[in-house]
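Working through the structure, step by step
Below, each chain spelled out in residue letters.
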Amino acid sequence: MSNAGISFGGLASGLDTKAIIQALVSIERRPIAALEQKKTSLGKQKSLFGDLRGLLSKLETAAKTLKTTTGFLARKATSDKEEIVTASAGSSAAAGTYNLRVISLAKAQVNASAGSASPTASLGAPGTLQIDIGGATHLIAVGGVVNGVTEPPTLERIAAAINAADDANQVGVRAEVVDTGNTANGGANRYQLVVRSEQTGSAGEFTISYDDGDPAFQAVVNSVGSNRLTQGTNAQVQLNGGVVVSRSSNTISDLITGVTLELKSEASPTQNVSITVANDATATTKKVQDFVDAYNKVVDFLADQNQLDPEGKAKGLLFGDSTLRSLRSGLRTITGSLVSTTGNSAYQMLSQIGVKADTAGKLTLTAADLETAMAADEDAVAAVFTAPTNGIAGRIVDQIDVYTDSVDGLIKNRTDTFDRQTKDATNRITQAERRLTSFEKQLELKYANLEQLMGRLQSQGSSLGSFFSRR
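This write-up is about the structure you can find in this document.

So, about the overall build of the protein. Counting secondary structure elements, the protein contains 9 helices and 19 strands. Taking 471 residues into account, the globule formula puts the C-alpha radius of gyration at 23 Å, and the protein, at 42 Å, lies well above it. Expressed as a percentage of its 471 residues, the buried residues of the protein come to 38%. The long-range fraction of contacts in the protein, counting pairs at least 24 apart against all pairs at least 6 apart in sequence, stands at 71%.

Set out below in structure tokens:
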């Protein structure tokens, strides 16, 4: 009879067979524990490389901002009469002063009905109105059968129907019912239906007309169509005393290269606004500081992984890692290099424009030094970062790409290696667990057989003892 899976707990032998089996199995499990620890370590190392990729991505973003001259040199635009015009500048704006005169603002067309006593009074049977705008015709039904009940047109339903059509088809006009508070004649004209274009200028002009419905509905629609409160007109601006230009919006971004103008009010014919475009040293300094901060976070990460504890043992899981060593060396080489193509020997290195490295490789920006250098030769300062072949920013981006490329980057290769090693460890653990299970069953069977044998021997010994005692 099979004894598999049976243990008698040392009843015959006096041995703690369960404890013996557990101890032997525990010894055999040590390689599995080592593999599990290796898997945990591999997972943590992979996670650390993921953290490094994230830090490098942020550094790459900061470097790309500084890679081109237009990205590096920030501009600002100011207006001497912001109540008339405000201005903002992009990096492509050319430094200089521009004189501007606002002749007229762009206005959106607004129409309104003559007035009604109630916003909810019936205007007869359901009807249809027509809006023509931008070369398109829109027929809008007002009123109809809802849940078996016929709802007649009202001022509020006309406004709701126009707005619903605009939401669905981008008609380009909106409507609302306005309570004017007019109490004359018992409030007979208190409520007005107002229809306005969503676009300023002549491009937003529209007509609204009656198409079908009862006389009351027709009267309201015709009243709105014929009562134009505001004409849709373009803005007119004169630049530097030259020709007058016309734009459909009060936001103008194509008049001065790189500058966006916001027209606020019309100036008197003789009142000019002065728009000044200049370097924004503060904005440029912030971009450089962002680069420095991102760079230092990478340096801190690399340093953390290369530390020893008080006993001289490695603290970081990536201690001595060749990929990290090469990255650290590459970044330090780039940031300490000479950019010989700036055109000014006084400004060819980061240290000459206010960005200096300490003994640990971390960078520090002195804003005043950077701004002083830019005031002296902004083109040369910019070239330290932006020079096409050897600029610091471009070389940093290229260096990072070697590590973070999603196809054959060094970090991708390392994480793939971690995945393969983890898979291998998992397979080895599975195989070892099967062997260990078999080993444990064999031990149980052996000790069960031992207990049975010891039991039989003890029984035989007892029988012999009894036999001889009777003699």
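Let's pick the thread back up.
A separate point is the packing of aromatic side chains. What describes a pair of aromatic rings is the distance from one ring centre to the other and the angle between the planes of the rings. Applying the stated rule across the entire model yields 5 aromatic pairs. An angle of 50° between the planes, with centres 5.7 Å apart, marks the rings of Phe 49 and Phe 418 as tilted. Of the two residues, Phe 49 is situated in helix H1 (residues 17–65) and Phe 418 in helix H9 (residues 410–470); the sequence distance between them amounts to 369 residues. Here Phe 49 and Phe 418 have matching classes, each one buried. Taken together, Phe 72, Phe 291, Tyr 295 and Phe 385 form an aromatic cluster joined through their ring pairs.

Of all residues except glycine, most have a negative phi; of all peptide bonds, most are trans. Even without being a glycine, Asn 147 presents a positive backbone phi close to 55°. The residue Asn 147 is located in the loop between strand S7 (144–146) and strand S8 (149–151) in this model.

The tally for this structure, following the rule as stated, stands at 16 salt bridges. Its salt-bridge partner being Arg 196, residue Glu 176 comes within 3.9 Å of it at the nearest N-O pair. In this pair, Glu 176 is assigned in strand S9 (residues 173–179) and Arg 196 in strand S10 (residues 191–197), connecting sequence segments 20 residues apart. Its salt-bridge partner being Asp 300, residue Lys 362 comes within 3.2 Å of it at the nearest N-O pair. With Lys 362 in the loop between strand S18 (355–357) and strand S19 (363–365) and Asp 300 in helix H5 (residues 281–304), this residue pair connects regions lying 62 residues apart in the sequence. The exposure class assigned to Lys 362 is partly exposed, which follows from its relative accessible area of 28%. Within this structure, Asp 166, Asp 167 and Arg 174 form a network of salt bridges that share partners.

With respect to the helices and strands, the residue Arg 75 is situated in strand S1 (residues 75–79). Looking at Arg 75, its side chain comes within polar contact range of the main-chain oxygen of Ala 93, at 3.1 Å. Among all residues touching Arg 75, those that are not within four sequence positions of it are Ala 89, Gly 90, Ser 91, Ala 93, Ala 95, Val 277, Ala 278, Asn 279, Asp 280 and Glu 378.

Right, let's talk about the sheet that holds strand S5 (residues 127–133) for a bit. Spatial ordering of the open sheet is given by S6-S5-S11, a layout of 3 strands whose pairing is antiparallel. Where the open sheet ends on each side, the last strands, each with one partner, are strand S6 (136–142) and strand S11 (206–212). Neighbour to neighbour, the strand axes of the sheet diverge by 25° on average, direction disregarded. Bridge count for S5 against S11 is 6 bridges, and the pairing is antiparallel. Looking at S11, one finds that Gln 130 is bridged to Ser 209. Helix H3 (residues 155–169) contacts S5, S6 and S11 of the sheet and is inclined by roughly 135° relative to S6. Relative to the sheet, helix H4 (residues 215–226) contacts S5, S6 and S11, its axis offset from that of S11 by approximately 165°.

So, on to H3. Given a rise of 1.5 Å per residue, 15 residues ought to cover 21 Å, and the 21 Å separating the end C-alpha atoms of H3 matches this to within 8%. Buried residues of H3: Leu 155, Ile 158, Ala 159, Ala 161, Ile 162, Asn 163, Ala 165 and Asp 166, and no others. Packing partners of the buried residues in H3 comprise S5, S6, S9, S10, S11 and H4. Positive phi shows up at Gln 170, right after H3, with a value of about 50°.

Glancing now at the packing of H5 against helix H7 (residues 367–386). At a closest axis distance of 11 Å, the pairing of H5 and H7 adopts a crossing angle of 80°. As far as their axial angle goes, H7 and H5 are roughly perpendicular. Contacts between H5 and H7 involve Ala 281, Thr 282, Thr 284, Thr 285, Val 288 and Phe 291 from the former and Ala 367, Leu 370, Glu 371, Met 374 and Phe 385 from the latter. Among the residues making up the contact of H5 with H7, the classes are represented as 7 nonpolar, 3 polar and 1 charged.

Another aspect to go through is the sheet that holds strand S14 (residues 244–247). Strands sit in the order S1-S17-S3-S13-S14 across an open sheet of 5 strands; the sheet is antiparallel. This sheet does not close on itself; its edge strands, each paired only once, are S1 and S14. Strand-to-strand twist across the sheet, computed as the mean angle between neighbouring axes with direction ignored, equals 30°. Looking at chain direction, S1 and strand S17 (residues 273–279) are connected through 5 bridges and run antiparallel. If you follow Ala 77 over to S17, its bridge partner there is Val 277.

This part is about the side chain of Thr 284. Relative to the helices and strands, Thr 284 is located in helix H5. For Thr 284, the residues in contact, after removing those within four places along its chain, are Phe 72, Leu 73, Ala 74 and Met 374.

So, about the nonpolar core. Core analysis: the largest hydrophobic core is formed by 50 residues, its most contacted members being Leu 52, Val 288, Phe 291, Ile 353, Phe 385 and Ile 396. Put simply, the parts of the chain that give this core at least two residues each are H1, H5, helix H6 (322–335), S19, H7, helix H8 (392–404) and H9. Among residues more than four places away in sequence, those in contact with Val 288 are Leu 66, Phe 72, Val 355, Leu 365, Leu 370 and Phe 385.

This part covers the environment of Val 173. Secondary-structure assignment places Val 173 in strand S9. Separated by 116 residues in sequence, Val 173 and Gln 289 have C-alpha atoms that sit 47 Å apart. Setting aside its immediate chain neighbours within four residues, Val 173 contacts Ile 131, Ile 133, Ile 162, Asp 166, Val 195, Arg 196, Ser 197, Glu 198 and Phe 206.

Quick look at the packing of H1 against H5 now. Running from N to C, H1 and H5 cross one another at 160°; their axes reach a closest spacing of 8 Å. Taken together, the axis directions place H1 and H5 in an arrangement best described as roughly antiparallel. For the pair H1 and H5, the crossing hand works out as left-handed. Contact residues: Leu 48, Asp 51, Leu 52, Leu 55, Leu 56, Lys 58, Leu 59, Ala 62, Ala 63 and Thr 65 in H1; Lys 287, Asp 290, Phe 291, Ala 294, Tyr 295, Lys 297, Val 298, Phe 301 and Leu 302 in H5.

Parameters at a glance
- Residues numbered from 1 in each chain as written.
- Predicted model: local features only at pLDDT ≥ 70, side-chain atom pairs only at ≥ 80, totals over all residues.
- Heavy atoms only, no water.
- Helix = DSSP H or I, 4+ residues; strand = E, 2+ residues; numbered from the N terminus.
- Rg over C-alpha atoms; globule rule 2.2 N^0.38 Å.
- Buried < 20%, exposed > 50% of the residue type's maximum accessible area, 1.4 Å probe, protein only.
- Contact = heavy atoms within 4.5 Å.
- Phe/Tyr/Trp six-rings, centres within 6.5 Å; stacked < 30°, edge-to-face > 60°.
- Salt bridge = Lys/Arg side-chain N within 4 Å of Asp/Glu carboxyl O.
- Polar contact = N/O pair within 3.5 Å; in protein donor to acceptor, adjacent residues only side chain to side chain.
- Pairing = 2+ DSSP bridges.
- Axes fitted to C-alpha atoms, helices over the stretch in contact; angles between N-to-C directions.
- Expected span 1.5 Å × (residues − 1).
- Parallel < 35°, antiparallel > 145°, perpendicular 65-115°, else oblique.
- Nonpolar A, V, L, I, M, F, W, Y, C, P; charged D, E, K, R; others polar.
- Core = buried A, V, L, I, M, F, W, Y, C linked by side-chain atoms within 4.5 Å.
- Left-handed = near helix turned anticlockwise from the far one by under 90°.

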